[in-house]
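# Structural characterization, general
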Amino acid sequence: MTALLDKTPLGETVRVARIDWTAMSDDEGRRLREFGLIEGCEVTPLHRGSIFSRDPLALTVGRMKVIIRARQAAAIEVEGIASVGGAA
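What counts and how
- Residues numbered from 1 in each chain as written.
- Predicted model: local features only at pLDDT ≥ 70, side-chain atom pairs only at ≥ 80, totals over all residues.
- Heavy atoms only, no water.
- Salt bridge = Lys/Arg side-chain N within 4 Å of Asp/Glu carboxyl O.
- Helix = DSSP H or I, 4+ residues; strand = E, 2+ residues; numbered from the N terminus.
- Buried < 20%, exposed > 50% of the residue type's maximum accessible area, 1.4 Å probe, protein only.
- Phe/Tyr/Trp six-rings, centres within 6.5 Å; stacked < 30°, edge-to-face > 60°.
- Lys NZ or Arg CZ within 6 Å of the ring centre and 35° of its normal.
- pLDDT = per-residue confidence, 0-100.
- Contact = heavy atoms within 4.5 Å.
- Pairing = 2+ DSSP bridges.
- Axes fitted to C-alpha atoms, helices over the stretch in contact; angles between N-to-C directions.

### Remarks on the pattern of salt bridges
Counted under the stated rule, the structure contains six salt bridges. Across the salt bridge formed by Glu42 and Arg15, the nearest N and O atoms sit 3.2 Å from each other. Here the residue Glu42 occupies a position in strand β3 (residues 42-48), and Arg15 occupies one in strand β2 (residues 14-19), the gap between them amounting to 27 residues. The class for Arg15 is partly exposed, based on a relative accessible area of 26%. The residue Asp27 makes a salt bridge to Arg30 at a minimum N-O spacing of 3.3 Å.

Following this line, the structure appears as structure tokens:
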């Protein structure tokens, strides 16, 4: 089952299932790929900009902490990571 990264609970590590590259500019897509944000990578949302806004979103990608816009996170489908023993 997939969900959107902008709706993923903070602190939950998920795997990127699909990215809608057409929903962002070429520069935004290039920047995300430079961060290593591609299909198959694991990310963990850390915190949001403020109580009243979902923008921006800080997350970990590998060993890096990056900040992306909520609009970009809404273009990224994620899936839960199966734990040891096959349970999701």
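### Quick word on the packing of aromatic side chains
Applying the stated rule across the entire model yields zero aromatic pairs. Over the ring of Trp21 we find Arg33; its NZ or CZ atom is 4.5 Å from the centre of that ring.

### Observations regarding the confidence of the model for the chain
Looking at the chain, the pLDDT average stands at 89 and 93% of residues meet or exceed 70. Taken as a whole, residues 84-88 scores under 50 in pLDDT and shows three contacts with residues more than four places along the chain or in a different chain.

### Brief notes about the environment of Gly40
Here Gly40 is to be found in the loop between α1 (26-34) and β3. For Gly40, a relative accessible area of 43% gives the class partly exposed. Gly40 sits 39 residues away from Glu79 along the chain, and the two C-alpha atoms are 9.7 Å apart.

### Considering the pairing of strand β6 (residues 76-80)
In the sheet, strand β1 (residues 2-4) pairs with β6 via three bridges, with the strands oriented antiparallel. When the bridges of β6 are listed, Thr2 appears paired with Glu79. Two strands pair when backbone bridges link them, and β2 and β6 are joined in this way by five bridges, in the antiparallel orientation. Counterpart to Arg18 in the pairing with β6 is Glu77.

### Let's talk about the sheet that holds β1
Overall, antiparallel pairing links the six strands, which are arranged β1-β6-β2-β3-β4-β5 in an open sheet. With partners counted over all chains shown, the strands left at the sheet margins are β1 and β5 (64-68), one partner each. In this sheet, neighbouring strand axes are inclined to one another by 45° on average, regardless of whether the strands run parallel or antiparallel. The sheet contact formed by strand β4 (residues 57-61) and β5 spans five bridges and is antiparallel. Looking at β5, one finds that Val61 is bridged to Met64.

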